[in-house]
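# Residue-level structure breakdown
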Amino acid sequence: MVTTIPWLTVLWAVPMVGAAVVILLPAAQQVLAKWLALAISVAVLILAVGLAVGFDPAGEQYQYVESREWIPSFGTGYILGIDGIALALVVLTAVLVPLLIVAGWNDAAGRSGLAGRSVGAYLALTLAVEGMVFMSLVALDILLFYVFFEAMLIPMYFLIGGFGGENRSKAAVKFLLYNLFGGLVMLAAVIGLYVVTAGSDAFASGTFDFREIVAAVSSGAFVVEPAVLNLLFAGFMFAFAVKAPLWPFHRWLPDAAVEATPASAVLMMAIMDKVGTFGMLRYCLQLFPDASTYFRPLIVTLAVIGIVYGAVLAIGQTDVMRLIAYTSISHFGFIILGIFAMTSQGQSGSTLYMVNHGISTAALFLIAGFLVSRRGSRLIDAYGGVQKVAPVLAGTFLVAGLATLSLPGLAPFISEFLVLIGTFTRYPVVAVFAATALVLSAVYILWMYQRMMTGPLHEGLVDDEHKVRDLVPRELVVVAPLIALLLVLGIYPKPALDVINPAVEHTLTTIGQTDPPPQVVPKMAEGVR
């Protein structure tokens, strides 16, 4: 569906222009900056919902398509379009950003900021990340995707380094160096892909048009040496594995998540990092189907290691925010496992997992952040008996924690179940190992809740200075929608899956993969017991 109204351009341009307007407001207009940023994010949410309502799951794969010339001599164009997978992540981003702005309403207070405009800078950087994530999700030109895939690192770097905790500078540099290195490797692969398309008879000249390259790959017209395709796949996959992150490329995440403000950490883990797993599903699989199959055993192995590794390290943490960060490493392992199982259940589960992980992580991390801001400590041992003085905070923390461990009836359960089922049909032993994380997640979540929320009130919470009060109305505005989404998607995920499944089926068809046939146990011989 080619539209005459450039809705996708509007989608990413509104937050980007809004960021410029917010940061240019006078430093004295802090309240205006907050309300303006919130209004812009709500307008983007309304637009995203409109796109979702107008999207036809049974229609063309890419809808709201825009195609214009950009740099014709390089074979690159301004080509935008959205499928069901990208739409799910667009809606997730649009839902979370207004909540994150409200959650971080006072995060920039008292800081010097950029040229004295601390509040405006903080909000502008948040909106800039949103706009760049949108552009990465809707771009159908590989070079265009790469530009914004890398550009989003800059505002995120300043959010961590400018507004984070005591060790924010070190965490921000670590975040930037890891991701820039991955991006440089990907740049070499992007250039290499252009060179091989220029040398192929399937194209009139070199091109970055994603749809054109995928069509040639799918039809067999684009023939390249397998070793070359393997190298190109590795370049793309490395950058996405760092961004996601996949074990052992995860080392930057715990420090960045802990040192950033809770709202910025959620922006990074629940929104920005999803571009990595999205890139695996769209670019790695569809551009390089044979290489994806060749590397599949290795990537599946790394994903399972990451699942168990993240869960085990979460159990041993004494810092509540670091514990939650390690749970995300485990969850990203599940997402990547489902993608590379290359089954319809696995990839549908992974896409839904991206959405559900974003919601559950946002809820758990933000509620923990509200608690830490009251007590002034991230140490689990600094708490105890919180449910006696803040029952709503403790109750919502429990629901978010139970969602994180994939309790049936809450949103992540469906997606994790689909990933395990989809993996089991192709790699039963791998699925069994991955399922051990279900037990481990119960250990770290319930143990954390027991130590922090139950038992006698911690002596450090008795005095007025560190007294823990319950959630205030502003915080309830943030938490209530997240809890509601966890419940609704846990009971009725059909609307999301109806959008996701056709896109997944198209991806599997494009890469020539089908679900393994069911294994039927032979009927026992008559008379044998």
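How each quantity is defined
Residues numbered from 1 in each chain as written. Predicted model: local features only at pLDDT ≥ 70, side-chain atom pairs only at ≥ 80, totals over all residues. Heavy atoms only, no water. UniProt positions renumbered as here; feature names shortened; annotations may be inferred. Helix = DSSP H or I, 4+ residues; strand = E, 2+ residues; numbered from the N terminus. Rg over C-alpha atoms; globule rule 2.2 N^0.38 Å. Buried < 20%, exposed > 50% of the residue type's maximum accessible area, 1.4 Å probe, protein only. Contact = heavy atoms within 4.5 Å. Areas by Shrake-Rupley, 256 points an atom, 1.4 Å probe, with all protein chains shown as cover. Axes fitted to C-alpha atoms, helices over the stretch in contact; angles between N-to-C directions. Parallel < 35°, antiparallel > 145°, perpendicular 65-115°, else oblique. Nonpolar A, V, L, I, M, F, W, Y, C, P; charged D, E, K, R; others polar. Phe/Tyr/Trp six-rings, centres within 6.5 Å; stacked < 30°, edge-to-face > 60°. Lys NZ or Arg CZ within 6 Å of the ring centre and 35° of its normal. pLDDT = per-residue confidence, 0-100. Polar contact = N/O pair within 3.5 Å; in protein donor to acceptor, adjacent residues only side chain to side chain. Left-handed = near helix turned anticlockwise from the far one by under 90°. Core = buried A, V, L, I, M, F, W, Y, C linked by side-chain atoms within 4.5 Å. Expected span 1.5 Å × (residues − 1). Salt bridge = Lys/Arg side-chain N within 4 Å of Asp/Glu carboxyl O. Pairing = 2+ DSSP bridges.

You'll find the protein chain entered in an unreviewed UniProt entry as NADH-quinone oxidoreductase subunit M, with Mycolicibacterium mageritense given as the organism. Here is the UniProt Sequence similarities (unreviewed entry) comment for the protein chain, exactly as written: "Belongs to the complex I subunit 4 family."

## A word on the overall build of the protein chain
Within the protein chain, the secondary structure is distributed over 21 helices and two strands. A globule of 529 residues ought to have a C-alpha radius of gyration of about 24 Å, and the protein chain, at 23 Å, matches this closely. C-alpha extents for the protein chain along the principal axes are approximately 80 × 75 × 40 Å. Relative to its 529 residues, the protein chain shows a buried fraction of 58%. Taking the intrachain contacts of the protein chain between residues at least 6 apart in sequence as the baseline, contacts between residues at least 24 apart amount to 81%. Here the protein chain displays about 20000 Å² of accessible surface, and carbon together with sulfur accounts for 68% of that area.

## Some thoughts on the packing of helix α4 (residues 118–138) against helix α11 (residues 262–272)
The interhelical angle for the contact between α4 and α11, taken along N-to-C directions, is 0°, at an axis separation of 11 Å. The pairing of α4 with α11 is recorded here as roughly parallel in orientation. Contacts between α4 and α11 involve Tyr122, Thr126, Val129 and Val133 from the former and Ala263, Ser264, Leu267, Ile271 and Met272 from the latter. Residues that form the contact of α4 with α11 fall into these classes: seven nonpolar, two polar and no charged.

## With respect to the packing of aromatic side chains
Inspection of every chain in the model, using the stated rule, returns 21 aromatic pairs. Relative to Phe295, the ring of Tyr294 has its centre 5.1 Å away and its plane inclined at 90°; by these criteria the two rings are edge-to-face. Residue class for Tyr294 comes out exposed when judged on its relative accessible area of 58%. The ring of Phe149 has Lys243 sitting right over it, with the charged end atom 4.3 Å from the ring centre. A cation sits over an aromatic face here: Arg451 above Trp447, 4.0 Å from the ring centre.

## Re the confidence of the model for the protein chain
Confidence in the prediction of the protein chain, expressed as mean pLDDT, is 88, and 94% of residues score 70 or more. Averaged over each element, pLDDT in the protein chain is lowest for helix α16 (residues 386–389) (85) and highest for helix α3 (residues 84–103) (94). Residue range residues 525–529 is modelled with pLDDT below 50. Its contacts to residues more than four positions away, or to other chains, number one contact.

## Points about the environment of Gln61
Tracing the chain through its elements places Gln61 in the loop between α2 (30–54) and β1 (63–71). Through-space distance from the C-alpha of Gln61 to that of Ala503 is 6.7 Å; in sequence the pair is 442 residues apart. A polar atom in the side chain of Gln61 sits 3.4 Å from the side chain of Tyr62. Within the structure, the side chain of Gln61 is placed 3.0 Å from the side chain of His506, a separation counted as a polar contact.

## Considerations on the packing of α3 against helix α20 (residues 473–491)
The contact between α3 and α20 brings their axes to 8 Å, and the two run at 150°. With respect to α20, the axis of α3 lies roughly antiparallel. Of the two possible hands of crossing, α3 and α20 adopt the one that is left-handed. Across the interface between the two elements, Val95, Leu96, Leu99, Val102 and Ala103 of α3 pack against Arg474, Val477, Val478, Pro481, Leu482 and Leu485 of α20. Looking at the contact of α3 with α20 residue by residue, the classes come out as ten nonpolar, no polar and one charged.

## Topic: the UniProt feature "domain: NADH:quinone oxidoreductase/Mrp antiporter transmembrane" (unreviewed entry) in the protein chain
Residues given the UniProt feature "domain: NADH:quinone oxidoreductase/Mrp antiporter transmembrane" (unreviewed entry) here are residues 139–439. Across residues 139–439, helical content stands at 79% and strand content at 0%; the span's end C-alpha atoms are separated by 39 Å.

## A look at the environment of Leu232
Following the sequence through the fold, Leu232 ends up in helix α9 (residues 226–243). Separated by 134 residues in sequence, Leu232 and Pro98 place their C-alpha atoms 38 Å apart. Ignoring sequence-local partners within four residues, the contact set of Leu232 consists of Ala189, Gly192, Leu193, Val196 and Phe288.

## Some points on the nonpolar core
A general feature of soluble globular proteins is that nonpolar side chains tend to end up buried together. Of all hydrophobic cores here, the largest spans 203 residues; its most connected members are Phe236, Met268 and Phe340. In this structure Phe236 touches Ile142, Met186, Ala189, Val190, Leu193, Tyr283, Cys284, Leu287 and Phe288, once residues within four positions along its chain are discounted.

## Focus on helix α18 (residues 411–424)
Between its first and last C-alpha atoms α18 spans 21 Å; for 14 residues at 1.5 Å apiece the expected length is 20 Å, and the two agree. Of the residues making up α18, those classed as buried are Ala411, Pro412, Ser415, Glu416, Leu418, Val419, Leu420, Gly422 and Thr423. Elements that come into contact with the buried residues of α18 comprise α14 (320–341), α15 (344–375), α17 (391–404), α19 (428–453), α20 and α21 (494–510).

## Focus on the pattern of salt bridges
In the structure shown here, the tally under the stated rule is seven salt bridges. Among the ionic pairs, Glu66 bridges to Arg68, the shortest N-O distance being 3.2 Å. Here the salt bridges share partners, and the residues they tie into one network are Lys174, Asp255 and Arg322.

## Comments concerning the pairing of strand β2 (residues 76–82)
Burial runs high along β2: seven of the seven residues are buried. Taking every second residue as pointing to the same face, both faces of β2 are buried, with Thr76, Tyr78, Leu80 and Ile82 on one and Gly77, Ile79 and Gly81 on the other. As paired elements, β1 and β2 share six bridges and run antiparallel to each other. Looking across to β2, one finds that Gln63 is bridged to Ile82. Counted along the chain from β1 to the antiparallel partner β2, the turn is four residues long, and its residue Gly75 has a positive phi close to 70°.

## Brief notes about unusual backbone geometry
Going from Ala244 to Pro245, the amide bond is cis rather than trans, its omega being -10°. Along the chain, Pro245 turns up in the loop between α9 and α10 (252–259). Pro248 follows Trp247 through a cis peptide bond whose omega is 10°. You can see Pro248 is positioned in the loop between α9 and α10. Despite not being glycine, Tyr64 shows a phi value in the positive range, around 55°. One can find Tyr64 in strand β1. What makes Tyr64 buried here is its relative accessible area of 8%. Positive phi outside glycine occurs at Met342, with the angle close to 55°. You can see Met342 is positioned in the loop between α14 and α15.

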